[in-house]
Amino acid sequence: MKTAIIYYSKHHGNTKKLLDAIASQTDITLIDVTDHPTADLSGYDRIGFASGIYYQSFHKSILEYAKKFLPEKKKVFFLYTYGVKRAGYLDAIRQTIFPHNAKVIGQYGCRGFDTFGPFKLVGGIAKKHPTQDEIKKAVDFYQTLPQ
């Protein structure tokens, strides 16, 4: 089963740490949305969207990509990192993929080092995250996704 993960991970590389661990143990294609903003995913069976959380949501480049380029009726999953755990981080991406008749097959999120806004004044929060255990759980999550 061919799988691609389109991602945005810039500030501290938290999300990329999860993806690199998954890629080291599996055969997937990682696509940085900033380098390939119009990548064709039609040849993939499963598509992952991965991002740090920005303003309570996936990065806008991921949302825009999904809106414009997600092929119809694909199996989709989500990976994300956040500074503070809150409900609703997946609301916007779920609404974005809904018109494409995608089937959501899983989601995994964990803490990530965050220095946004006032957190910068105190040296950031969620220092040393994602941990090795959180990274392992991301790999385990990916390996249990349905085919």
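The text that follows walks through the structure, step by step, so that each part is easy to find.

What counts and how
- Residues numbered from 1 in each chain as written.
- Predicted model: local features only at pLDDT ≥ 70, side-chain atom pairs only at ≥ 80, totals over all residues.
- Heavy atoms only, no water.
- Helix = DSSP H or I, 4+ residues; strand = E, 2+ residues; numbered from the N terminus.
- Buried < 20%, exposed > 50% of the residue type's maximum accessible area, 1.4 Å probe, protein only.
- Contact = heavy atoms within 4.5 Å.
- Core = buried A, V, L, I, M, F, W, Y, C linked by side-chain atoms within 4.5 Å.
- Polar contact = N/O pair within 3.5 Å; in protein donor to acceptor, adjacent residues only side chain to side chain.

Scanning the chain from terminus to terminus reveals 4 helices and 6 strands. Taken from N to C terminus, the helices and strands of the chain fall in the order β-α-β-β-β-α-β-α-β-α. The burial tally for the chain puts 50% of its 147 residues in the buried class. Contacts in the chain between residues far apart in sequence, at least 24 positions, make up 76% of those at least 6 positions apart.

Here we come to the nonpolar core. With 26 residues, the main nonpolar core has Phe49, Phe58, Ile62, Phe78, Ile93 and Ile97 as its most contacted residues. Only strand 1 (3-8), strand 3 (46-54), helix 2 (60-69), strand 5 (75-82) and helix 3 (91-97) provide two or more residues apiece to this core. Excluding anything up to four places from it in sequence, Ile97 contacts Phe49, Ala66, Leu70, Val76, Phe78, Ala102 and Val104. Formed by 19 residues, the second largest nonpolar core is a distinct cluster that contains Leu18, Tyr108, Ile135 and Phe141.

For the rest of this paragraph, the subject is the side chain of Thr81. Inspection of the secondary structure puts Thr81 in strand 5. There is a polar contact of 2.8 Å between the side chain of Thr81 and the side chain of Thr15.

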